[in-house]
Amino acid sequence: MTTVSEITKTANWPTNYGDPAWLLHDRFGLFIHWGLYSNAARHEWVMNREKIHPDTYNKYFKYFDPDLYDPKKWARAAKDAGMKYFVITTKHHEGFALWDSELTDYKATNTPAKRDLLLEMVNAFREEGLKVGFYHSVIDWHHPEFPVDGLHPQRDDEAFKANATERNIEKYAEYLHGQVRELLTNYGKIDYLWFDFSYPERSWGWATGKGAEDWQSEKLEKMILELQPDIILNDRLDLGRGVVTPEQYQPSEAVTEDGQPVIWEACQTLNGSWGYDRDNLDWKSGDVLIKMLIDSVSKGGNLLLNVGPNARGEFDQKSLDSLSEIGKWMRVNSRSIYGATNSEYTAPLDCRFTQKGKRLYLHIFSWPFRHIHLEGLAGKIDYTQFLHDASEIQYKEHDPNEELTHISTRVKPGTVTLELPVQKPDVA
Ligand code: FHN
């Protein structure tokens, strides 16, 4: 089992970063992608994918009016799903600010919304006891100094590019730092800062990607830690440190090249789109989402699961149904998630182990299971308790004096979790 102190002694976690213990305990957070793209209702990269000219895209600004927005409902849905923190897109690549920034007119208070959408959200989630995370895009396709590089929506617009040749990335970096300062000064204690994203190693079209030098990441990180000394950061400022945030999680990303454990958090969508995508049919089932959460924790990581609210300011019904299904599972199984991590034992085929001290949790991923052999655990487990609703499961009681080497179960399809108190003294 990887412990917090093992991780915080590594180069991946600088001594001046906040204590990550809460993140490692909470394990499960809500990602929210909400912006003008929600008005387009077809993915947050719509401006890029369709190479929409800013003048055309402006209609999403002009008519952005989330009249049904009630962040208390969002916070309650997240809490009921068992989520312990949230990360909101304060600004995504489109450059639109959800808060009342003094550094731009491209902000929520200048739309028909006429309100600081971020302030209400932070207050609502804090009231439900969730920790506060801010996502902030280092990329900004609206700012007049952000270079038209190979990723920019207007990368093939010769007239636009011709007028954009004098752009100054240093002036943009000053703006970037200024907005981060606003966010870390005016909204109370921020627990987690989630930047997105650097692409230094890739050259896009006629321009090279951008990284720490462009964002002035060292200077930015220093300012952040002065403003919010307890904050934790993710690893997308191209500094090679912080919470490792893979999107398509691979086990290799749970450790650094030299095998040091890292804090890592898989971020995942409900349907393949981060921003609201009305016609998207690619929805993951509740069982798959639960398995993603278990799988992440069984490998010592977190899951940051995303909802893209629509332009009226609501979580759509499919998103609410997904969160509700996870919440039903978490109601009876959350103790196998909160504070748990990877186990030193090898889980049986098509199962996962999460472990918390002497409590081992066996997650049965497929059905029907007749005999689940617990390799290496014979004689070390003297009791089995199903955390799942017992009324749905029968299982053959084993003789307490007999060494428990396997469990015979008859369970309904779906993920079942057992608690196997590992009581024998010789088990670590
Ligand atoms: O381009 C973004 C994308 O829209 C989304 O915000 C994800 C979330 O991790 N991050 C970037 C892609 O890696």
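Residue numbers restart at each chain and count upward from 1, following the sequence in its written direction. Only residues with pLDDT of 70 or above have their local features reported here, since the model is predicted, and side-chain atom pairs are shown and tallied only from 80 upward, although totals for entire chains, interfaces and linings are computed over all residues. With hydrogens and water stripped out, all remaining heavy atoms of the structure feed into the side-chain values.

> Break down the pattern of salt bridges for me, citing the residues and quoting the values.
By convention in these notes, a salt bridge is any Lys or Arg side-chain nitrogen within 4 Å of a carboxyl oxygen on Asp or Glu. Summed over all chains, the structure comprises 20 salt bridges. Measuring nitrogen to oxygen at the nearest pair gives 2.2 Å for the salt bridge that ties aspartate 295 to lysine 299. On the accessibility criterion, aspartate 295 (15% relative accessible area) is buried. Of the charged contacts, one joins aspartate 295 and arginine 352 as a salt bridge, the two residues approaching to 2.8 Å between their closest N and O atoms. Of this pair, aspartate 295 sits in helix H12 (residues 286-298) while arginine 352 sits in strand E10 (residues 351-356), and the two are 57 residues apart along the sequence. For every residue, the accessible area obtained with a 1.4 Å probe (protein chains only) is divided by the maximum for its type, and the residue is called buried under 20%, exposed over 50%, and partly exposed between those limits. Numbered from the N terminus, helices here are DSSP runs of H or I no shorter than four residues, and strands are runs of E no shorter than two.

> Summarise the site of the ligand; cite the residues concerned and give the values.
We call a residue near a molecule or strand as soon as one heavy atom of that residue lies within 4 Å of the molecule or strand. Inspection of the region around the ligand gives 14 residues, with His33, Glu44, Trp45, Asp196 and Glu247 positioned closest. Whenever a nitrogen or oxygen atom comes within 3.5 Å of another N or O atom, the pair is scored as a polar contact, on the condition that within protein one atom can donate a hydrogen and the other can accept it, and that pairs from neighbouring residues in sequence are kept only if both atoms are in side chains. Within the side chain of histidine 33, one N or O atom sits 2.7 Å away from an oxygen atom of the ligand. Contact distances for the ligand include 2.8 Å between an oxygen atom and a side-chain N or O atom of histidine 93. Contact with the protein chains removes 89% of the 330 Å² of surface that the ligand exposes when unbound. In this classification, Asp, Glu, Lys and Arg are treated as charged, Ala, Val, Leu, Ile, Met, Phe, Trp, Tyr, Cys and Pro as nonpolar, and every other residue, Gly included, as polar. Classifying every residue of the shell around the ligand gives 7 nonpolar, 3 polar and 4 charged. Surface exposure here means Shrake-Rupley accessible area, sampled with a 1.4 Å probe, where a residue is shielded only by the protein chains that are shown.

> Let's hear about the UniProt feature "site: May be important for catalysis" (unreviewed entry) in the protein: which residues, and what values?
UniProt positions are given in the numbering used here, feature names are shortened, and annotations may be inferred rather than shown by experiment. The sites that carry the UniProt feature "site: May be important for catalysis" (unreviewed entry) are, in the present numbering, Cys267. You can see cysteine 267 is positioned in strand E8 (residues 265-268). On the basis of relative accessible area, cysteine 267 is assigned to the buried category, the value being 1%. The contact criterion used is simple: two residues touch if any of their non-hydrogen atoms lie within 4.5 Å. Every residue in contact with cysteine 267, bar those within four places of it in the chain, is listed here: Phe31, Trp194, Arg236, Pro246, Glu247, Trp274 and Leu304.

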